[in-house]
Amino acid sequence: LDGGTTLEVTSDGTVNGQPFSIKGLYPEAKPFTTRAEFSTVAVTFDGEPVADDEGGGFTGDLNVDVAAVGDLLEVLRLQRSIDGTGGMCMRLSNRNGLTSASGLDIELALAEGQLISVKGDVENIERLGGVDLQVDARLYPENQPPPVAGRLAELKLTRITTGIVSGQDALELVDLV
């Protein structure tokens, strides 16, 4: 397109009988768009290239919405072990061969009321360097805790809150509550 300065990608097909489509428009040295849909998943990635004199690569906003996690599992021929909705957004960058995610925001809301969220940044996705994430997992529906335990064997874990950071050669949990 545009005299050879724009690449357009369009792909339609099926996976396990479910339709999928990918559409992208990539003009040379200008902002680009990508859209993908599969089963109950919608993905968008809108970004722009990074000039070679600034390290080359790209930067853009990635958004993923999953309208029905259980349906997606079935389409992928996996056991439908959970139901709910999910979403993820982040600023994804690749410069000088280093891929990073900033403003990462993941949320999984399960049909039975549990809610898991992850927020933060990852400076080096490939090597898990510069990880600074905050995790909050509510394991019971809001305002519906389990019955009061009468003995130790009846205790139930209701929430996990922690930070996950890069440590020496491993990820570390901090302020685990």
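Nothing here was measured: the structure is a model prediction, and the numbers come from that model.

It is worth spelling out the overall build of the protein at this point. Scanning the protein for helices and strands turns up 1 helix and 11 strands. N-terminal to C-terminal, the α/β element order of the protein is β-β-β-β-β-α-β-β-β-β-β-β. Taken over the C-alpha trace, the protein has a radius of gyration of 20 Å; the compact-globule value for 177 residues is 16 Å, which it surpasses by more than 25%. The buried share among the 177 residues of the protein stands at 29%. At a minimum sequence separation of 6, the contacts of the protein that also span at least 24 residues come to 30%. For the protein, the exposed area adds up to about 11,400 Å²; of that, 54% sits on carbon and sulfur atoms. Between the centroid of the 13 positive side chains of the protein and the centroid of its 28 negative side chains there is a distance of 6 Å.

Okay, a nonpolar patch on the surface next. Taken together, the side chains of Leu 7, Val 9 and Ile 22 define a hydrophobic patch exposed on the protein surface, amounting to about 220 Å² of accessible area. Along the chain, Val 9 turns up in strand E1 (residues 6-15). Since its relative accessible area comes to 32%, Val 9 is described here as partly exposed.

On to the packing of aromatic side chains. Aromatic rings considered in pairs are described by the distance between their centres and by the relative angle of their planes. Counted under the stated rule, the structure contains 3 aromatic pairs. Centre to centre, the rings of Tyr 26 and Phe 32 are 5.8 Å apart; their planes meet at 40°, and the pair counts as tilted. On the basis of relative accessible area, Tyr 26 is assigned to the partly exposed category, the value being 26%. An aromatic cluster of three or more residues is present, and its members are Tyr 26, Phe 32, Phe 45 and Phe 58.

Another aspect to go through is the pairing of strand E3 (residues 32-38). Alternating positions in E3 separate cleanly, Phe 32, Thr 34, Ala 36 and Phe 38 being buried on one face and Thr 33, Arg 35 and Glu 37 remaining unburied on the opposite face. Bridging between strand E2 (residues 18-27) and E3 involves 6 bridges; their strand directions are antiparallel. Bridge pairing in E3 places Lys 23 opposite Arg 35. When E3 meets strand E4 (residues 41-49), the two strands line up antiparallel, connected through 7 bridges. Of the residues in E4, the one forming a bridge with Glu 37 is Ala 42. Linking two consecutive strands that pair antiparallel, namely E3 and E4, is a turn of 2 residues; a positive phi of about 50° is found at Ser 39 within it.

Here the focus is the nonpolar core. In terms of nonpolar packing, the biggest core is built from 21 residues, with Leu 62, Val 66, Met 90 and Leu 133 touching the most fellow members. Take this core: its biggest share by element is 4 residues, from helix H1 (residues 69-75).

Quick look at the side chain of Thr 162 now. Relative to the assigned elements, Thr 162 resides in strand E10 (residues 159-166). Aside from chain neighbours lying at most four places away, what touches Thr 162 is Leu 133, Gln 134, Val 135, Leu 173, Val 174, Asp 175 and Leu 176.

Spatial strand order, E1-E2-E3-E4-E5-E6-E7-E8-E9-E10-E11: 11 strands in an open sheet with antiparallel pairing. Each edge of the sheet is formed by a strand with only one pairing partner; in this case those strands are E1 and strand E11 (171-174). Across the sheet, the mean angle from the axis of one strand to that of its neighbour is 10°, orientation sign disregarded. Both E4 and strand E5 (residues 57-66) contribute to a ladder of 9 bridges, which runs antiparallel. Among the inter-strand pairings, Thr 44 is bridged to a residue of E5, identified as Asn 63.

Take the pattern of salt bridges next. Tallied over the entire structure, the rule returns 9 salt bridges. Asp 71 is the salt-bridge partner of Arg 80, the closest N and O atoms lying 2.9 Å from each other. Asp 136 is paired through a salt bridge with Arg 159; the nearest N and O atoms lie 2.8 Å apart. On the criterion of sequence distance, the pair formed by Asp 136 in strand E9 (residues 129-138) and Arg 159 in strand E10 is long-range, its members being 23 residues apart. One connected set of salt bridges, linked through shared partners, spans Asp 71, Glu 74, Arg 80 and Asp 83.

Scoring rules and cut-offs
Residues numbered from 1 in each chain as written. Predicted model: local features only at pLDDT ≥ 70, side-chain atom pairs only at ≥ 80, totals over all residues. Heavy atoms only, no water. Helix = DSSP H or I, 4+ residues; strand = E, 2+ residues; numbered from the N terminus. Rg over C-alpha atoms; globule rule 2.2 N^0.38 Å. Buried < 20%, exposed > 50% of the residue type's maximum accessible area, 1.4 Å probe, protein only. Contact = heavy atoms within 4.5 Å. Areas by Shrake-Rupley, 256 points an atom, 1.4 Å probe, with all protein chains shown as cover. Lys, Arg positive; Asp, Glu negative; His and termini not counted. Charge placed at Lys NZ, Arg CZ, Asp CG, Glu CD. Patch = residues over 30% accessible without salt bridge, like charges linked within 9 Å, V, L, I, M, F, W, Y side chains within 5 Å. Salt bridge = Lys/Arg side-chain N within 4 Å of Asp/Glu carboxyl O. Phe/Tyr/Trp six-rings, centres within 6.5 Å; stacked < 30°, edge-to-face > 60°. Pairing = 2+ DSSP bridges. Core = buried A, V, L, I, M, F, W, Y, C linked by side-chain atoms within 4.5 Å. Axes fitted to C-alpha atoms, helices over the stretch in contact; angles between N-to-C directions.

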